[in-house]
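# Structural features, examined
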Amino acid sequence: MKVLAVPAFQDNYLWVLHNTAGQAWVVDPGDAAPVEAALAAHNLSLEGILITHHHFDHTGGALQLAEGVRPIYGPEHSPFEGITHPLEDGARIQLGEAAFEVLAVPGHTLDHIAYYNATEGLLFCGDTLFAGGCGRMFEGTAEQMHGSLQRLAALPDATEVYCAHEYTLANLRFAVAVEPGNEALLARQQAAEALRARGEATVPSTIGLERATNPFLRAEAPAVHQALIAEAGPALVAAPACDRFGALRSWKDRF
Ligand SMILES: [Zn+2]
(Lines give C-alpha, C1' and ligand atoms only; values in the text may rest on other atoms or scores of the structure.)
Protein backbone atom coordinates (compact mmCIF):
# COMPACT_ATOMS: atom_id res chain seq x y z
CA MET A 1 0.00 0.00 0.00
CA LYS A 2 1.09 3.55 -0.70
CA VAL A 3 0.08 6.32 1.72
CA LEU A 4 -0.61 9.95 0.76
CA ALA A 5 -0.75 12.76 3.31
CA VAL A 6 -3.68 15.09 2.68
CA PRO A 7 -3.31 18.19 4.88
CA ALA A 8 -6.53 19.75 6.18
CA PHE A 9 -7.61 22.47 8.62
CA GLN A 10 -4.73 23.92 10.68
CA ASP A 11 -2.64 20.82 11.27
CA ASN A 12 -4.60 17.64 10.46
CA TYR A 13 -3.41 14.88 8.17
CA LEU A 14 -6.09 12.87 6.39
CA TRP A 15 -4.40 9.70 5.17
CA VAL A 16 -5.26 8.20 1.78
CA LEU A 17 -3.98 4.67 1.26
CA HIS A 18 -4.06 3.06 -2.15
CA ASN A 19 -2.85 0.02 -4.04
CA THR A 20 -1.42 -0.36 -7.54
CA ALA A 21 -4.92 -1.17 -8.86
CA GLY A 22 -5.99 2.40 -8.05
CA GLN A 23 -8.24 1.40 -5.15
CA ALA A 24 -8.11 3.88 -2.26
CA TRP A 25 -9.29 4.18 1.33
CA VAL A 26 -9.16 7.28 3.51
CA VAL A 27 -8.51 7.43 7.25
CA ASP A 28 -10.27 10.12 9.30
CA PRO A 29 -11.62 12.44 6.59
CA GLY A 30 -12.51 15.51 8.64
CA ASP A 31 -13.14 17.34 5.36
CA ALA A 32 -14.26 15.85 2.04
CA ALA A 33 -12.94 18.46 -0.42
CA PRO A 34 -9.18 17.91 0.01
CA VAL A 35 -9.70 14.13 -0.14
CA GLU A 36 -11.71 14.42 -3.36
CA ALA A 37 -8.96 16.60 -4.84
CA ALA A 38 -6.24 14.09 -3.87
CA LEU A 39 -8.23 11.17 -5.31
CA ALA A 40 -8.72 13.02 -8.59
CA ALA A 41 -5.09 14.13 -8.79
CA HIS A 42 -3.87 10.54 -8.38
CA ASN A 43 -6.67 8.93 -10.42
CA LEU A 44 -7.84 6.82 -7.49
CA SER A 45 -11.22 5.26 -6.81
CA LEU A 46 -12.44 5.51 -3.21
CA GLU A 47 -13.47 2.12 -1.84
CA GLY A 48 -14.11 2.93 1.81
CA ILE A 49 -13.57 5.13 4.84
CA LEU A 50 -11.84 4.32 8.13
CA ILE A 51 -12.64 6.29 11.30
CA THR A 52 -10.46 6.16 14.44
CA HIS A 53 -12.75 8.15 16.78
CA HIS A 54 -15.76 10.41 16.80
CA HIS A 55 -14.20 13.92 16.84
CA PHE A 56 -15.50 16.13 14.04
CA ASP A 57 -12.07 16.87 12.56
CA HIS A 58 -11.83 13.11 11.90
CA THR A 59 -15.37 12.43 10.69
CA GLY A 60 -16.75 15.66 9.15
CA GLY A 61 -16.28 14.58 5.51
CA ALA A 62 -17.13 10.88 5.90
CA LEU A 63 -20.79 10.93 4.88
CA GLN A 64 -20.17 13.12 1.84
CA LEU A 65 -17.35 10.83 0.68
CA ALA A 66 -19.36 7.65 1.32
CA GLU A 67 -22.28 8.89 -0.82
CA GLY A 68 -24.47 6.33 0.91
CA VAL A 69 -22.75 3.40 -0.81
CA ARG A 70 -19.18 3.10 0.48
CA PRO A 71 -18.47 1.38 3.81
CA ILE A 72 -17.58 3.56 6.78
CA TYR A 73 -15.52 1.46 9.20
CA GLY A 74 -15.21 2.70 12.75
CA PRO A 75 -15.46 1.86 16.43
CA GLU A 76 -18.51 0.14 17.83
CA HIS A 77 -20.42 2.22 20.40
CA SER A 78 -19.21 5.47 18.82
CA PRO A 79 -21.01 8.80 19.23
CA PHE A 80 -20.40 9.24 15.47
CA GLU A 81 -23.52 7.78 13.90
CA GLY A 82 -22.31 7.34 10.32
CA ILE A 83 -20.45 4.07 10.87
CA THR A 84 -21.80 1.25 8.69
CA HIS A 85 -19.22 -1.39 9.74
CA PRO A 86 -18.71 -1.19 13.54
CA LEU A 87 -15.45 -2.80 14.71
CA GLU A 88 -14.47 -4.24 18.05
CA ASP A 89 -10.97 -4.86 19.41
CA GLY A 90 -9.26 -7.64 17.44
CA ALA A 91 -11.53 -7.30 14.39
CA ARG A 92 -9.91 -7.63 10.96
CA ILE A 93 -10.78 -5.74 7.82
CA GLN A 94 -9.58 -6.43 4.30
CA LEU A 95 -8.65 -3.45 2.10
CA GLY A 96 -7.90 -5.03 -1.28
CA GLU A 97 -5.05 -7.46 -0.56
CA ALA A 98 -4.10 -5.72 2.69
CA ALA A 99 -5.42 -6.96 6.04
CA PHE A 100 -5.74 -4.53 8.93
CA GLU A 101 -6.22 -5.44 12.56
CA VAL A 102 -8.26 -3.24 14.88
CA LEU A 103 -6.72 -2.24 18.23
CA ALA A 104 -8.95 -0.64 20.84
CA VAL A 105 -6.94 2.29 22.26
CA PRO A 106 -9.24 4.26 24.61
CA GLY A 107 -8.04 7.36 26.44
CA HIS A 108 -8.25 10.38 24.12
CA THR A 109 -11.86 9.28 23.61
CA LEU A 110 -13.56 6.12 24.84
CA ASP A 111 -14.35 4.94 21.31
CA HIS A 112 -10.81 5.34 19.92
CA ILE A 113 -9.41 2.51 17.77
CA ALA A 114 -6.24 2.14 15.69
CA TYR A 115 -5.71 0.22 12.44
CA TYR A 116 -2.60 -1.92 12.10
CA ASN A 117 -1.24 -3.77 9.08
CA ALA A 118 1.44 -6.21 10.28
CA THR A 119 2.64 -7.25 6.81
CA GLU A 120 3.76 -3.79 5.75
CA GLY A 121 4.13 -2.33 9.23
CA LEU A 122 1.55 0.47 9.00
CA LEU A 123 -0.24 1.98 11.99
CA PHE A 124 -3.02 4.57 11.78
CA CYS A 125 -3.47 5.74 15.35
CA GLY A 126 -5.55 8.94 15.10
CA ASP A 127 -5.10 11.10 18.20
CA THR A 128 -3.68 8.42 20.54
CA LEU A 129 0.05 8.33 19.82
CA PHE A 130 1.53 11.45 18.20
CA ALA A 131 5.03 11.98 16.86
CA GLY A 132 6.89 12.87 20.04
CA GLY A 133 3.73 13.02 22.17
CA CYS A 134 0.24 11.70 22.77
CA GLY A 135 -3.34 12.92 22.66
CA ARG A 136 -5.10 14.68 25.51
CA MET A 137 -7.31 12.54 27.69
CA PHE A 138 -10.74 14.01 26.97
CA GLU A 139 -12.79 10.97 27.95
CA GLY A 140 -10.58 8.20 29.30
CA THR A 141 -8.46 7.70 32.41
CA ALA A 142 -4.67 7.77 32.70
CA GLU A 143 -4.81 4.00 33.19
CA GLN A 144 -6.67 3.55 29.89
CA MET A 145 -4.44 5.93 27.92
CA HIS A 146 -1.27 4.42 29.39
CA GLY A 147 -2.49 0.92 28.52
CA SER A 148 -3.30 2.02 24.97
CA LEU A 149 0.11 3.62 24.44
CA GLN A 150 1.90 0.59 25.90
CA ARG A 151 0.01 -1.59 23.46
CA LEU A 152 1.14 0.53 20.51
CA ALA A 153 4.70 0.69 21.87
CA ALA A 154 4.84 -3.12 21.78
CA LEU A 155 4.47 -3.18 17.97
CA PRO A 156 7.66 -3.83 15.96
CA ASP A 157 10.19 -0.96 15.89
CA ALA A 158 9.93 -0.55 12.10
CA THR A 159 6.14 0.06 12.22
CA GLU A 160 5.33 3.38 10.52
CA VAL A 161 3.22 5.62 12.76
CA TYR A 162 0.63 7.69 10.89
CA CYS A 163 -0.91 10.01 13.46
CA ALA A 164 -3.55 12.60 12.62
CA HIS A 165 -1.86 15.91 13.49
CA GLU A 166 1.36 17.81 12.84
CA TYR A 167 2.10 18.59 16.50
CA THR A 168 5.66 17.32 16.43
CA LEU A 169 7.71 20.46 17.14
CA ALA A 170 5.61 21.44 20.17
CA ASN A 171 5.71 17.85 21.39
CA LEU A 172 9.49 17.68 21.05
CA ARG A 173 9.97 20.97 22.92
CA PHE A 174 8.23 19.36 25.88
CA ALA A 175 10.16 16.11 25.42
CA VAL A 176 13.47 18.01 25.59
CA ALA A 177 12.32 19.79 28.77
CA VAL A 178 11.68 16.35 30.31
CA GLU A 179 14.79 14.61 29.00
CA PRO A 180 17.42 17.20 27.99
CA GLY A 181 20.22 14.62 27.88
CA ASN A 182 18.58 12.24 25.38
CA GLU A 183 20.85 12.39 22.29
CA ALA A 184 18.36 10.58 20.04
CA LEU A 185 15.72 13.11 21.07
CA LEU A 186 17.97 16.12 20.36
CA ALA A 187 18.83 14.69 16.93
CA ARG A 188 15.16 14.12 16.23
CA GLN A 189 14.31 17.70 17.21
CA GLN A 190 16.94 19.05 14.79
CA ALA A 191 15.67 16.82 11.97
CA ALA A 192 12.04 17.80 12.63
CA GLU A 193 12.88 21.52 12.68
CA ALA A 194 14.65 21.15 9.33
CA LEU A 195 11.65 19.33 7.83
CA ARG A 196 9.18 21.96 9.03
CA ALA A 197 11.43 24.79 7.80
CA ARG A 198 11.08 23.23 4.32
CA GLY A 199 7.30 22.89 4.80
CA GLU A 200 7.51 19.09 4.94
CA ALA A 201 5.62 16.67 7.19
CA THR A 202 7.36 15.09 10.18
CA VAL A 203 4.86 12.21 10.02
CA PRO A 204 5.08 9.22 9.70
CA SER A 205 7.55 8.34 12.39
CA THR A 206 8.28 4.80 13.59
CA ILE A 207 7.55 2.91 16.79
CA GLY A 208 11.33 2.53 17.30
CA LEU A 209 11.85 6.30 17.13
CA GLU A 210 8.91 6.91 19.46
CA ARG A 211 10.24 4.40 21.98
CA ALA A 212 13.61 6.17 21.92
CA THR A 213 12.35 9.76 22.13
CA ASN A 214 8.67 10.08 23.10
CA PRO A 215 8.41 10.79 26.85
CA PHE A 216 4.93 9.24 27.01
CA LEU A 217 6.45 5.87 26.05
CA ARG A 218 9.39 6.49 28.39
CA ALA A 219 7.82 7.30 31.77
CA GLU A 220 9.88 4.43 33.22
CA ALA A 221 13.24 5.54 31.75
CA PRO A 222 15.53 6.62 34.64
CA ALA A 223 16.00 10.20 33.33
CA VAL A 224 12.25 10.68 32.79
CA HIS A 225 11.54 9.14 36.17
CA GLN A 226 13.90 11.65 37.84
CA ALA A 227 12.41 14.63 35.95
CA LEU A 228 8.91 13.54 36.95
CA ILE A 229 9.81 13.23 40.60
CA ALA A 230 11.39 16.69 40.53
CA GLU A 231 8.28 18.12 38.84
CA ALA A 232 5.48 16.25 40.60
CA GLY A 233 6.90 14.97 43.86
CA PRO A 234 8.55 11.93 45.45
CA ALA A 235 5.29 10.02 46.01
CA LEU A 236 5.48 9.03 42.35
CA VAL A 237 8.35 6.64 43.12
CA ALA A 238 6.02 4.11 44.68
CA ALA A 239 3.01 4.87 42.51
CA PRO A 240 1.73 2.59 39.72
CA ALA A 241 3.22 3.23 36.27
CA CYS A 242 -0.04 4.72 34.98
CA ASP A 243 0.21 7.42 37.70
CA ARG A 244 3.65 8.41 36.41
CA PHE A 245 2.18 8.54 32.92
CA GLY A 246 -0.72 10.66 34.23
CA ALA A 247 1.68 13.06 35.97
CA LEU A 248 3.63 13.44 32.72
CA ARG A 249 0.42 14.12 30.77
CA SER A 250 -0.66 16.83 33.29
CA TRP A 251 2.82 18.39 33.13
CA LYS A 252 2.46 18.62 29.34
CA ASP A 253 -1.02 20.17 29.74
CA ARG A 254 0.56 22.93 31.87
CA PHE A 255 3.70 23.29 29.72
ZN1 LIG B 1 -9.55 13.75 18.58
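Relevant structure appears above.
Below you will find a few notes about this structure. (Residues numbered from 1 in each chain as written. Predicted model: local features only at pLDDT ≥ 70, side-chain atom pairs only at ≥ 80, totals over all residues. Heavy atoms only, no water.)

### Quick notes on the sheet that holds strand β7 (residues 92-95)
Strand pairs in the sheet, formed through backbone hydrogen bonds, run parallel or antiparallel to each other. The strand order across the open sheet formed by six strands is β7-β8-β9-β10-β13-β14, and the pairing between neighbours is mixed. The sheet is open, and its two edges are formed by β7 and β14 (205-206), each paired on a single side. Of the pairings in the sheet, the one linking strand β9 (residues 113-117) to strand β10 (residues 122-126) comprises three bridges and is antiparallel in character. Residue pairing across strands places Y115 opposite F124, the latter belonging to β10. (Pairing = 2+ DSSP bridges. Helix = DSSP H or I, 4+ residues; strand = E, 2+ residues; numbered from the N terminus.)

### Thoughts on the pattern of salt bridges
Under the definition given, this model contains 12 salt bridges. In this structure, E166 and R196 form a salt bridge, with 3.9 Å as the shortest nitrogen-oxygen distance. With a gap of 30 residues between them, E166 in the loop between β13 (160-163) and α5 (168-178) and R196 in helix α6 (residues 183-197) connect regions that are remote in the sequence. Given the relative accessible area of 11%, E166 is considered buried. Look at R196 and you get partly exposed, because its relative accessible area is 33%. As a salt-bridge pair, R188 and E210 come within 2.6 Å of each other at their nearest N and O atoms. Taken together, the residues span a long stretch of sequence, with R188 in helix α6 and E210 in helix α7 (residues 207-213) at a distance of 22 residues. Exposure remark for R188: the relative accessible area of 8% places this residue in the buried category. A relative accessible area of 0% places E210 in the buried class. Taken together, the salt bridges that share partners define one network made up of R136, R249 and D253. (Salt bridge = Lys/Arg side-chain N within 4 Å of Asp/Glu carboxyl O. Buried < 20%, exposed > 50% of the residue type's maximum accessible area, 1.4 Å probe, protein only.)

### Quick look at the coordination of the zinc ion
Within the first shell, the zinc ion binds the protein through H53 (NE2), H55 (ND1), H108 (NE2) and D127 (OD), at distances of 2.2 to 2.3 Å. Coordination at the zinc ion is irregular, judged from the four donor atoms that bind it and the angles of 90 to 165 degrees they form at the metal. Counting the intervening residues between successive donors of the zinc ion yields the motif H-x1-H-x52-H-x18-D. Taken together, the residues span a long stretch of sequence, with H53 in the loop between β4 (45-50) and α2 (56-59) and H108 in the loop between β8 (98-104) and β9 at a distance of 55 residues. Each of the two residues, H53 as well as H108, counts as buried. (Donors = N, O, S within 2.8 Å, 3.2 Å for Na, K, Ca; no water. Tetrahedral: all angles 85-135°; square planar, octahedral: opposite > 155°, others 65-115°.)

### With respect to the nonpolar core
Counting 53 residues, the largest nonpolar core has F100, Y115, L123, F124, L152 and L248 as the members making the most contacts within it. Setting aside its immediate chain neighbours within four residues, L123 contacts A114, Y115, Y116, L152, L155, T159, E160, V161, Y162 and I207. Formed by 21 residues, the second largest nonpolar core is a distinct cluster that contains A8, A24, V35 and A62. (Core = buried A, V, L, I, M, F, W, Y, C linked by side-chain atoms within 4.5 Å. Contact = heavy atoms within 4.5 Å.)

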